[in-house]
Amino acid sequence: RQLENATCGRNISVAVFTDNTLLNLVKSALAHHNLPPSLLCFEITETAAIANFAHATKFVTELKKIGCQFALDDFGSGFASFSYLKTLPVDYLKIDGSFVRHLAENEVDHAMVDIINQLGHVMGLKTIAEFVENEEILKCLGELGVDYAQGYHIGRPVLLDEVCNVDGPMPS
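Residues numbered from 1 in each chain as written. Predicted model: local features only at pLDDT ≥ 70, side-chain atom pairs only at ≥ 80, totals over all residues. Heavy atoms only, no water.

1. Comments concerning the side chain of E43
With respect to the element layout, E43 can be found in strand β2 (residues 40-45). Here the side chain of E43 touches K94 through a polar contact of 2.8 Å, side chain to side chain. Sequence-distant contacts of E43, defined by excluding residues within four places in its chain, comprise G9, R10, N11, I12, A71, D73 and K94. (Helix = DSSP H or I, 4+ residues; strand = E, 2+ residues; numbered from the N terminus. Polar contact = N/O pair within 3.5 Å; in protein donor to acceptor, adjacent residues only side chain to side chain. Contact = heavy atoms within 4.5 Å.)

Listed below in structure tokens is the structure:
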């Protein structure tokens, strides 16, 4: 299959993104498999990014330099979301599933998703809604102009080797 328009999202934990060896591992794996860096979108939770802001900013900046993408995951669930969002160089804003899950029947959740989506767009970010579990939620997201949807209504997670043919093991 073609990888030109594909993106592989990968959640990373605080322990992983604070490990200084990850940057070199990513660079080595991309070179070894001859993959475009834009194929990778690392997802860092808002809470982890805020708790380790200086390191998160450095980590994101370094991998963005080689072409990787970043998503700020679970946005809206932290305490200082908006002040940190202005300075963390991410590409995507993943709207926390706790707002998306009941968006179709809850006015407050609907308004929260709308506000986060509008803010992301004003900042030049693409937005992703998590926990899209049914057609009604998907329709609401479309009406609000959210860019991407993620959830069991869209599809179950799949292994990367089921989607594309990446030969050989990852380098150590």
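2. Section: the sheet that holds β2
With respect to topology, 6 strands assemble into an open sheet ordered β1-β2-β3-β4-β5-β6, the strand pairing being parallel. One side of each edge strand has no neighbouring strand; the edge strands of this open sheet are β1 (8-11) and β6 (148-149). Direction of pairing for strand β3 (residues 69-75) relative to strand β4 (residues 92-95): parallel, over a ladder of 3 bridges. Bridge pairing links F75 to I95 in β4. Docked against the sheet, helix α4 (residues 53-65) engages β2 and β3, running at close to 145 degrees with respect to β3. (Pairing = 2+ DSSP bridges. Axes fitted to C-alpha atoms, helices over the stretch in contact; angles between N-to-C directions.)

3. Structural notes on the pattern of salt bridges
Enumeration according to the criterion identifies 6 salt bridges in this entry. Between K65 and E62 there is a salt bridge, and its shortest N-O distance comes to 3.2 Å. Of this pair, K65 and E62 both sit in helix α4, separated by 3 residues, roughly a single helical turn. Judged by relative accessible area, which is 24%, E62 ranks as partly exposed. In this structure, D73 engages K94 in a salt bridge whose closest nitrogen and oxygen atoms are separated by 3.9 Å. (Salt bridge = Lys/Arg side-chain N within 4 Å of Asp/Glu carboxyl O. Buried < 20%, exposed > 50% of the residue type's maximum accessible area, 1.4 Å probe, protein only.)

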